[in-house]
Every structure is written in C-alpha cells, then in structure tokens.
Amino acid sequence: RLFLLRVEDAETPGNDWDEVLRNERINRKVLPPYLSHIISSMVAKDLATYEPQKQTRSVLLYWRSPDDWAEALHSWATETAQLNTILTFYDITDPPLDSELTGIPIPLLRKAISILGKTGRAQMIGVADGEGVRILAGR
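A brief look at the structure comes next.

Parameters at a glance
- Residues numbered from 1 in each chain as written.
- Predicted model: local features only at pLDDT ≥ 70, side-chain atom pairs only at ≥ 80, totals over all residues.
- Heavy atoms only, no water.
- Buried < 20%, exposed > 50% of the residue type's maximum accessible area, 1.4 Å probe, protein only.
- Helix = DSSP H or I, 4+ residues; strand = E, 2+ residues; numbered from the N terminus.
- Pairing = 2+ DSSP bridges.
- Core = buried A, V, L, I, M, F, W, Y, C linked by side-chain atoms within 4.5 Å.
- Contact = heavy atoms within 4.5 Å.
- Axes fitted to C-alpha atoms, helices over the stretch in contact; angles between N-to-C directions.
- Expected span 1.5 Å × (residues − 1).
- Arc of directions from axis to C-beta.

So, the pairing of strand S5 (residues 58-61)
Phase 1: Going residue by residue along S5, you find Ser58 and Leu60 tucked away on one face and Val59 and Leu61 tucked away on the opposite face as well.
Phase 2: Bridge count between strand S1 (residues 4-6) and S5: three bridges; the pairing is antiparallel. Its bridge partner lying in S5, Arg6 is registered against Ser58.
Phase 3: When strand S4 (residues 48-50) meets S5, the two strands line up antiparallel, connected through three bridges.

Here it is as structure tokens:
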C-alpha cells in the first residue's frame, strides 16, 4: 500500500508509483501538471490531505477514510486484547503480526486516534520514547 503521493513521482522514474503513472509499452506517462491537478481534486473531495501541510505537491492518500481507520484501530486493539494498554505508535504501525494497520503513516494514525478520542475510546499519552495511546472500550 502506498500512502504518500508527490508531484515529483511523475517526474522521477524508478519509484513506487511507476506502475500507476507510467506505461512504457505505449510511451505514456502522467505529466506533473496533470498529477498536481489530480492531487488538488483529491484533496477537495477529502480523498487525501496535503502532507506536510502548507504545501501542494505531496499528499497523504486516504485509502480508507480517517473514520474507517479509527474503527480499524479500535477493532485491532479489541481483537488483540490490547484495550486499556498503553501502546506506542511503533507498537501499532509495526506489530509482531502484520495487521491492516501495519505501515500506516503517523499523521493518519494521529487523526484516527483523535477521532476515537472525541468519542471517548482513546486517550493520547506521552511515553518515554515519544507518543502513545490507550485504546478504551467506549461505546
């Protein structure tokens, strides 16, 4: 799964997006101005967000909505018996057994945690090596 798309990906061959942005067999490729237009359209439709903020050449793609990621996070914590346990972001993004959350970008994880926090199902916690979260049973 690719989460980050940059205008530069259309300019630079040999990256993870080659299969999507180039077709060498018919000598076609997505040009940077068109990719920039696609990116801005995706942001306008809430299918992506600029990452980092305050620029328009790189986006974080929402393969699932942040609400869906929040539900996936809560389900994962429930299924792995980790409710009420303090978890680091690393514990979630790189668990011993791969899950649908494996490799999720930290900004998207933060957004999902924020959504759970608004419903009383998560609590951000400062831990020694960064940020952590406690997923609560809630609802």
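Looking at the nonpolar core
Phase 1: In terms of nonpolar packing, the biggest core is built from 23 residues, with Trp69, Leu73, Ile92, Leu101 and Ile135 touching the most fellow members.
Phase 2: Secondary-structure elements contributing two or more residues to this core are helix H4 (66-79), helix H5 (89-93), helix H6 (106-118) and strand S8 (130-135).
Phase 3: Those residues in contact with Leu101, other than ones at most four positions away along the chain, are Arg1, Trp69, Ala72, Leu73, Trp76, Ile92 and Thr93.
Phase 4: Counting residues in each nonpolar core, the second largest holds 12 residues, with Leu5, Val7, Val59 and Leu61 among its members.

Regarding the sheet that holds S5
Phase 1: With antiparallel pairing, the three strands of this open sheet are ordered in space as S1-S5-S4. Since the sheet does not close on itself, it has two edges, and those belong to S1 and S4, each with one partner. Shown here is a sheet whose adjacent strand axes are inclined to one another by a mean of 30°, direction ignored.
Phase 2: Helix H3 (residues 32-44) contacts S1, S4 and S5 of the sheet and is inclined by roughly 110° relative to S4.

Some details on unusual backbone geometry
Phase 1: Each neighbour pair has its own omega, and for Glu51 with Pro52 the value is 0°, a cis peptide bond.
Phase 2: With respect to the element layout, Pro52 can be found in the loop between S4 and S5.
Phase 3: Although it is not a glycine, Asn27 adopts a positive phi angle of roughly 55°.
Phase 4: Inspection of the secondary structure puts Asn27 in the loop between strand S2 (22-23) and strand S3 (28-29).
Phase 5: On the basis of relative accessibility, which here comes to 63%, the residue Asn27 falls in the exposed class.
Phase 6: We note that Ala81 has phi near 55°; this positive angle belongs to a residue other than glycine.
Phase 7: Following the sequence through the fold, Ala81 ends up in the loop between H4 and strand S6 (86-88).

Some words on H6
Phase 1: For H6, with 13 residues, the first-to-last C-alpha span of 18 Å sits near the 18 Å given by 1.5 Å per residue.
Phase 2: All of the buried residues in H6 are Leu108, Leu109, Ala112, Ile113, Ile115 and Leu116. Each buried residue of H6 sits inside an arc of 155° when the element is viewed along its axis, so together they form one side.
Phase 3: As for H6, its buried residues are in contact with S5, H4, H5, strand S7 (122-127) and S8.
Phase 4: At the exit of H6 stands Gly120, carrying a positive phi of roughly 75°.

Points about the sheet that holds S6
Whenever strands of a sheet pair, they do so through backbone hydrogen bonds, lying parallel or antiparallel.
Phase 1: Across the sheet, three strands lie side by side as S6-S8-S7; this open sheet has antiparallel pairing. If you trace the sheet from one side to the other, it starts and ends with S6 and S7, each paired once. Across this sheet, the average inter-strand angle for adjacent strands is 35°, counted without regard to direction.
Phase 2: Bridge analysis of S7 against S8 gives six bridges, and the strand direction is antiparallel.

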